[in-house]
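# Descriptive structure summary
As a plain string of letters, each chain reads:
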Amino acid sequence: MSPALLFAILIGYFALLLGVAWATSRNANNDSFFIGNKSSNWMLVAFGMVGTTLSGATFISVPGAVGVDAFGYAQILIGYVIGYIAVAYLLLPLYYRLQLTSIYHYLDVRLGRRSYQSGAGFFIISRLLGATARLYLVVNILQAIILDSLGIPFWITTLVILGMILMYTYQGGVKTIVWTDTLQTTCMLFGLFACVWFLLGELGMSIPDSLNAMQSQGLSTIFTTDFDSPNFFLKQIVAGIFIVLTMTGMDQEMMQKTISVKTLKDSQKNLLTLTAVLVVVLMSFLFLGGLLYLYAPAVGVTATGDKIFPAVVMGHLPAAVQIIFLIALNSALFPSADGAITGLTSSFCIDILVI
């Protein structure tokens with residue numbers, strides 16, 4: 001497909017995001033930006049947070065890792081479930097009782113100002129590094145499949161994408177990204193399930209047939225029972241628990257959306273719903289990875305890891321699937337970046353500048 005046409009689709013998708021931002025940011029104020037006026041719909045927050053939680057790294061890397069780790073990522077997923085339950089019933093009641101805007105204010109209450117600003121500082125540094133890495137992965141793919149052929153340098157691509165994200169988050173903040181993340185999660189999941197459906201058709205298999213084929217090739221193994229292995233299932237489960245506790249429960253970006261829900265009960269429903277949806281979606285990504293490794297040899301694709309998904313789609317699937325993939329890839333990119341920018345802004349203004 002023509003890179004120019006793909007680029008036009010990318011611009012059209014961004015125009016849609018701007019339209020949503022304009023509609024949702026009217027009459028916005030500081031409360032809108034930081035905590036969505038404490039009036040966010042918990043169902044929208046839960047669904048939108050799926051896109052933020054997954055990010056472009058998940059969209060590309062989880063299917064790609066199946067070739068090495070099979071379905072081993074499901075071990076971490078078990079830990080995620082336990083971690084989200086802990087956040088919902090241990091941390092959220094605390095945040096609501098203290099009526100926090102920045103969750104790091106709790107450190108001020110318990111340990112003093114220096115600890116409070118140190119905690120916020122560590123969040124800012126870690127979020128800058130993490131969001132940059134996720135942004136780099138997806139922008140690098142967009143650069144390879146579209147923008148290199150148009151003669152656009154990588155640094156311009158990055159600056160333009162960051163500028164685009166700033167444009168639709170600048171006014172409304174959390175109030176806006178609750179809606180834009182919902183739109184983007186919808187597009188990303190549609191892309192995921194569309195690719196699964198199409199690959200099943202190309203392979204001429206049903207879901208049970210494909211699972212049997214994956215099992216025969218060792219692609220669907222979940223549990224690692226070798227204690228010395230870094231993938232030993234108990235290590236992975238514990239890792240999953242702490243990933244959620246630190247990267248969700250103690251992360252301003254993620255909690256900023258969660259505490260924008262009016263009541264604690266609805267906020268807990270938000271997290272539990274997010275957990276259930278994530279289980280289904282992440283298992284679907286693993287299933288997609290298995291399909292990619294079944295399909296790739298049939299069409300002569302030798303790419304593995306992060307490169308296999310774009311190599312199969314952009315090199316061997318019809319134009320309609322390529323468009324769906326591109327929109328889904330962008331839908332995986334923007335939620336992780338827009339939430340990071342809003343979370344960083346909130347933490348810097350409230351915790352560091354003490355606004």
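Residues numbered from 1 in each chain as written. Predicted model: local features only at pLDDT ≥ 70, side-chain atom pairs only at ≥ 80, totals over all residues. Heavy atoms only, no water.

## Topic: the nonpolar core
Ranked by size, the top nonpolar core spans 92 residues in total, and within it F59, L288, F309, V312 and F325 carry the most contacts. Aside from chain neighbours lying at most four places away, what touches F325 is F59, I60, I145, F309, P310, V313 and M314. (Core = buried A, V, L, I, M, F, W, Y, C linked by side-chain atoms within 4.5 Å. Buried < 20%, exposed > 50% of the residue type's maximum accessible area, 1.4 Å probe, protein only. Contact = heavy atoms within 4.5 Å.)

## Brief notes about the packing of aromatic side chains
For the coordinates displayed, the defined rule picks out ten aromatic pairs. Aromatic pair Y136 and F154: ring centres 5.7 Å apart, planes at 65°, arrangement edge-to-face. Of this pair, Y136 sits in helix α6 (residues 113–147) while F154 sits in helix α7 (residues 154–169); the two residues are 18 residues apart in sequence, bridging distant segments of the chain. A relative accessible area of 30% means that F154 is categorised as partly exposed. Positioned over the ring face of F227 is K235, at 5.1 Å from the centre of the ring. (Phe/Tyr/Trp six-rings, centres within 6.5 Å; stacked < 30°, edge-to-face > 60°. Helix = DSSP H or I, 4+ residues; strand = E, 2+ residues; numbered from the N terminus. Lys NZ or Arg CZ within 6 Å of the ring centre and 35° of its normal.)

## Points about the layout of surface pockets
Empty space among the atoms can be located by rolling a probe the size of a water molecule over them. In this structure, the largest pocket encloses a volume near 620 Å³. Along the walls of the largest pocket sit 34 residues, with T53, T58, Y73, Y80 and I243 positioned nearest its centre. It is helix α3 (residues 42–69) that provides the largest number of residues to the lining of the largest pocket, a total of eleven residues. By residue class, the composition of the lining of the largest pocket is 18 nonpolar, twelve polar and four charged. Along its surface, the second largest pocket is lined by 16 residues, and I103, Y104, T246, M250 and D251 are the ones closest to its centre. Contributing elements (two or more residues each) for the lining of the second largest pocket: α4 (73–97), α5 (105–111), α6 and α10 (233–249). Of the residues forming the lining of the second largest pocket, the biggest block, five residues, is contributed by α6. (1 Å grid on protein atoms, 1.4 Å probe; cavity = no way out; pocket = protein on both sides within 12 Å on 5 of 7 lines; lining within 4 Å. Points joined across faces, edges and corners; volume = space filled by probe spheres on them. Nonpolar A, V, L, I, M, F, W, Y, C, P; charged D, E, K, R; others polar.)

## Details of the packing of α4 against helix α12 (residues 264–295)
Put simply, α4 and α12 touch, their axes get as near as 10 Å, and they point 170° apart. Relative to α12, α4 is oriented roughly antiparallel. Of the residues belonging to the contact of α4 with α12, the class tally is 22 nonpolar, three polar and no charged. (Axes fitted to C-alpha atoms, helices over the stretch in contact; angles between N-to-C directions. Parallel < 35°, antiparallel > 145°, perpendicular 65-115°, else oblique.)

## Quick word on α10
Between the first and last C-alpha of α10 there are 23 Å, a value that for 17 residues agrees with the 24 Å anticipated at 1.5 Å per step. Buried residues of α10: Q236, I237, G240, I241, V244, L245, T248 and G249, and no others. (Expected span 1.5 Å × (residues − 1).)

## Quick notes on the packing of helix α9 (residues 207–216) against α12
As a packed pair, α9 and α12 sit with axes 10 Å apart at the nearest point and diverge in direction by 70°. In terms of axis orientation, α9 runs roughly perpendicular to α12. For the pair formed by α9 and α12, the contact residues are I207, S210, L211, A213 and M214 on the first element and F287, G290, L291 and L294 on the second. In terms of residue class, the contact of α9 with α12 is built from seven nonpolar, two polar and no charged.

## Section: the pattern of salt bridges
This model, assessed by the stated rule, comprises two salt bridges. As a salt-bridge pair, R113 and D108 come within 3.2 Å of each other at their nearest N and O atoms. Here R113 falls in the partly exposed class, since its relative accessible area comes to 39%. Judged by relative accessible area, which is 18%, D108 ranks as buried. (Salt bridge = Lys/Arg side-chain N within 4 Å of Asp/Glu carboxyl O.)

## A short note on a nonpolar patch on the surface
On the surface, W155, I156, L159 and V160 cluster together into a nonpolar patch covering about 400 Å² of accessible area. Among the structural elements, I156 can be located in helix α7. (Patch = residues over 30% accessible without salt bridge, like charges linked within 9 Å, V, L, I, M, F, W, Y side chains within 5 Å. Areas by Shrake-Rupley, 256 points an atom, 1.4 Å probe, with all protein chains shown as cover.)

## Details of the side chain of S102
Mapped onto the elements of the fold, S102 is located in the loop between α4 and α5. Using a relative accessible area of 3% as the deciding quantity, one classes S102 as buried. Not counting residues up to four positions away in its chain, the partners in contact with S102 are Q252, I350 and D351.

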